[in-house]
Amino acid sequence: MAFRHTIRGTTHVFADLRDLLAKATPLRSGDVLAGVAAESAQQRVAAQRALADLPLRHFLHEAVIPAEQDDVTRLILAQHDEAGFAPVSSLTVGALRDWLLAATPAQVTALARGLTPEMAAAVTKISRVGDLVAIARKCRVTTRFRSTLGGTDTLAIRLQPNHPTDDPRGVAAAILDGLLLGAGDACIGINPATDNLDAVRRLLDLLHAVITRHDIPTQGCVLCHVTTSLLAMEAGAPVDLVFQSIGGTQRTNDSFGVSLALLGEAHDAARARHPGAQVMYFETGQGSALSADAHHGVDQQTIEARAYAVARAFDPLLVNSVVGFIGPEYLFDGKQILRAGLEDHCCGKLLGLPMGVDICHTNHAEADPDDMDALLLALAAAGVTYIMGVPGGDDVMLAYQSTSFHDGLAARRLFGRAPAPEFAAWLARVGIGDGARIPAALSPALLGLS
Amino acid sequence: MLPAHLRRFTDARVALGRAGDALPTSALLDLAEAHAAARDAVWSALDPAPFAAPVVHSRAEDRREYLLRPDLGRTPRAEDLAPLPRTGGIVVVVADGLCAAGVQAHAPALLRAFAADWPVVVALQARVAIGDAIGAAMGAEAVVVLIGERPGLSAQDSVGLYLTWAPRLGRTDAERNCISNIRPGGMTASDAAARLHWLLRGARALRATGVALKDDMPTGPLLP
């Protein structure tokens with residue numbers, strides 16, 4: 001169905017919902033690269049006005065990617081809960097924005113299963129940065145493994161102790177450094193240098209040893225491919241969280257070497273080992289579909305929101321966008337990264353996910369630590385579930401810059417938020433004060449350091 | 001044991017201390033200095049003069065467009081391609097990539113280490129795949145692209161080497177073999193050259209590069 005809107009004497013025509021959503025998207029380099037972005041500032045506003053007038057019910061009748069071509073579209077349709085949708089079912093996209101800004105946290109939280117990813121993407125396209133913070137702040141999403149995440153006064157941190165060669169002592173040193181600075185309540189998650197099963201098992205054994213010997217209320221994760229985690233579980237390795245990168249189209253997931261069935265198999269296997277826990281950890285990021293030539297002409301933010309339909313099908317403990325990692329051809333500068341990070345967090349929360357953000361940039365993006373601080377403060381105000389903690393913010397394995405352990409401490413103090421309650425109790429019990437000394441209970445020898 | 005002892009075990013920025021909740025000034029400025037070096041490396045330009053070789057510009061007009069449009073960086077200007085000689089054999093493309101400074105510094109030593117009289121072309125505002133069009137235009141049996149890698153905080157001069165058999169438009173990255181992190185302190189020029197010759201022998205036997213050609217070169221002394 002074509003849409004048209006006239007502003008200042010010019011009628012702008014949009015071929016279909018996919019085109020309307022793309023043209024209404026605030027400027028970002030990836031949509032320009034894909035050839036789907038608005039051609040002028042006025043065309044963008046015309047699309048935003050037409051989108052604001054669109055009844056939400058329309059999204060249930062026009063898919064941006066046909067269901068017969070894409071299993072994510074089919075998943076989205078199957079997930080839609082008409083009862084949850086009822087409070088807003090007669091609204092337009094524009095009226096939904098107004099409703100969300102006026103509603104109570106309980107009302108917004110109850111809406112999660114009634115919204116589709118495309119509805120969430122649409123409303124964020126006509127929202128400003130302040131709106132994205134205010135709306136996300138209302139969403140309550142609590143998840144649990146050994147620690148409980150998502151409390152209104154909690155800000156959790158994934159301790160990310162990567163090492164270029166997976167050297168166990170190098171990894172252990174970064175873990176200890178992070179624990180001393182209060183990080184690790186979301187998980188201790190290592191990006192391995194290789195996806196080799198033996199190397200992954202060594203890291204899993206290291207994490208298991210650290211967590212069990214020191215009785216740390218957290219969960220370990222080696223961020224290898226899901227098929228490697230399945231092999232590790234079959235071999236009896238101590239797998240806590242199963243990780244996978246996912247995207248918002250079937251072909252993107254093909255490019256990651258995963259399917260919905262494979263994710264389901266991994267979820268079931270991990271859940272059998274940890275009954276009652278939420279056992280999945282997903283990463284996403286705008287631009288991955290274009291990078292895999294799997295975007296179907298859909299703008300990158302809408303596809304990103306569709307990835308959250310995949311995530312919520314597997315009841316995850318943690319989901320985060322790796323917002324600045326993909327590079328300047330998708331998000332060019334600090335302004336684009338800031339907005340995308342807040343959009344991803346807001347959409348994820350609206351759809352009911354325990355949303356964190358890897359607040360990060362590469363050296364070829366037009367971004368610097370000031371931009372990262374601005375995004376960190378905005379996300380902390382928005383109630384972000386967790387952020388990353390990297391020694392000094394410098395990931396020596398992945399060669400990009402993320403948030404430091406210090407950033408986590410600062411955000412917690414500025415916004416009056418604490419570590420996950422079980423983890424906060426552990427920090428007190430072990431005697432981690434200001435991190436100036438390593439407590440006897442955390443003997444480095446036990447971490448394999450002498 | 002003090003946290004500072006952790007530094008023995010990793011190059012990660014552990015045990016930095018605290019100023020309130022923030023990084024102490026010296027650690028903050030250490031990071032700023034490393035980031036500045038990486039930023040300057042991204043925006044550095046390759047001077048083709050020392051290579052005394054034909055120059056091919058990509059369709060990216062400047063650095064900003066290069067960063068925004070990888071598709072243009074993969075495509076040479078037609079007018080630069082036309083005068084290239086049809087040499088056949090192995091062709092080496094020296095490309096700026098995401099860090100011209102590293103290529104400028106280390107490509108001459110690499111070319112010497114190859115110990116071969118392969119023709120050289122310099123490519124500017126270039127991505128790896130620009131070698132496919134250049135190699136095809138020169139009738140090359142294989143193209144070797146030396147290209148600046150994305151600078152990190154710890155190294156801003158790494159060179160990547162990509163070998164593509166039978167270069168032509170439409171080759172994918174899965175059809176290339178890569179040797180990365182070539183720099184003093186990383187992989188040395190002589191080790192990279194030995195590895196390239198080893199890969200080339202395999203590529204000649206297979207008539208292909210990429211995933212089919214396993215990069216399982218034995219370590220230790222190599223036969224000539």
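Bear in mind the structure is a predicted one, so any value in this text is a computation, not a measurement.

As a further point, take the pairing of strand β1 (residues 3–7) of chain A. Each regular strand displays side chains that alternate between the two surfaces of the sheet. Residue and element names in this part refer to chain A. Residues Phe3, His5 and Ile7 line the buried face of β1, whereas the alternating positions Arg4 and Thr6 sit on a face that is not buried. Relative to strand β2 (residues 10–14), β1 is paired through five bridges, and the arrangement is antiparallel. Bridge pairing links Arg4 to Val13 in β2. Here β1 folds back onto β2, and the loop between the two strands holds two residues, one of which, Arg8, carries a positive phi near 50°.

The subject of this paragraph is the environment of Gln125(B). All names here are of chain B. Structurally, Gln125 is set in the loop between β3 (120–124) and α6 (130–137). Considering only alpha carbons, one finds Gln125 and Gly97, 28 residues apart in sequence, at a separation of 6.5 Å. Beyond its immediate sequence surroundings of up to four residues, Gln125 is in contact with Ser58, Ala60, Asp62, Arg63, Tyr66, Gly73 and Asp96. A polar side-chain atom of Gln125 sits 2.7 Å from a polar atom in the side chain of Arg63.

All names here are of chain B. Within the open sheet, the six strands sit side by side as β1-β3-β2-β4-β5-β6. Their pairing is mixed. Of all strands in the sheet, those with a lone pairing partner are β1 (55–57) and β6 (176–182), marking the two edges. Taken over all neighbouring pairs, the strand axes of this sheet differ in orientation by 20° on average, direction set aside. The sheet contact formed by β1 and β3 spans three bridges and is parallel. When the sheet's bridge partners are listed, Val55 is paired in β3 with Val122.

So, on to the state of the cysteines. Tallied over the entire structure, the rule returns zero disulfides over all chains. No disulfide involves Cys224(A); its sulfur sits 7.3 Å from the nearest other cysteine sulfur, which is in Cys221(A). A relative accessible area of 2% means that Cys224(A) is categorised as buried. Cys99(B) provides the cysteine sulfur closest to Cys178(B), a residue in no disulfide bond, and the two sulfurs are 15 Å apart. By relative accessible area, which is 35% here, Cys178(B) ends up partly exposed.

Turning next to the interface of chain B and chain A. The interface is formed by 35 residues belonging to chain B together with 45 residues belonging to chain A. Roughly 3300 Å² of surface becomes buried between chain B and chain A when both sides are summed, with 61% attributable to carbon and sulfur atoms. It is Phe9(B), Asp21(B) and Arg150(B) in chain B that bury the most area against chain A; as a group they hold 22% of the surface buried on that side. Counting every contact that joins chain B to chain A gives three salt bridges. Those elements that place two or more of their residues in the side of chain B that touches chain A are α1 (25–42), α2 (63–68) and α3 (70–73) of chain B.

Let's shift gears to the domain arrangement of chain A. All names here are of chain A. Taken domain by domain, chain A holds domain 1 (3–137) and domain 2 (143–446). A C-alpha centroid distance of 28 Å is found between domain 1 and domain 2. Between domain 1 and domain 2, the residue contacts involve 45 residues of the former and 43 residues of the latter. The junction of domain 1 with domain 2 conceals about 3800 Å² of combined surface from both sides, 61% of it contributed by carbon and sulfur atoms. Three residues, Arg28, Val72 and Arg137, lead the burial of domain 1 against domain 2; their summed loss comes to 15% of the area buried on that side. At the junction of domain 1 and domain 2, the tally comes to four salt bridges. A salt bridge links Arg28 to Glu343, with the shortest nitrogen-to-oxygen separation between them at 2.7 Å.

Each value, and the rule that gives it
Residues numbered from 1 in each chain as written. Chains lettered and ligands numbered in written order. Predicted model: local features only at pLDDT ≥ 70, side-chain atom pairs only at ≥ 80, totals over all residues. Heavy atoms only, no water. Buried < 20%, exposed > 50% of the residue type's maximum accessible area, 1.4 Å probe, protein only. Helix = DSSP H or I, 4+ residues; strand = E, 2+ residues; numbered from the N terminus. Pairing = 2+ DSSP bridges. Contact = heavy atoms within 4.5 Å. Polar contact = N/O pair within 3.5 Å; in protein donor to acceptor, adjacent residues only side chain to side chain. Axes fitted to C-alpha atoms, helices over the stretch in contact; angles between N-to-C directions. Disulfide = S-S within 2.5 Å. Buried area = accessible area lost by both parts, 1.4 Å probe. Salt bridge = Lys/Arg side-chain N within 4 Å of Asp/Glu carboxyl O. Domains from an automatic or database assignment.

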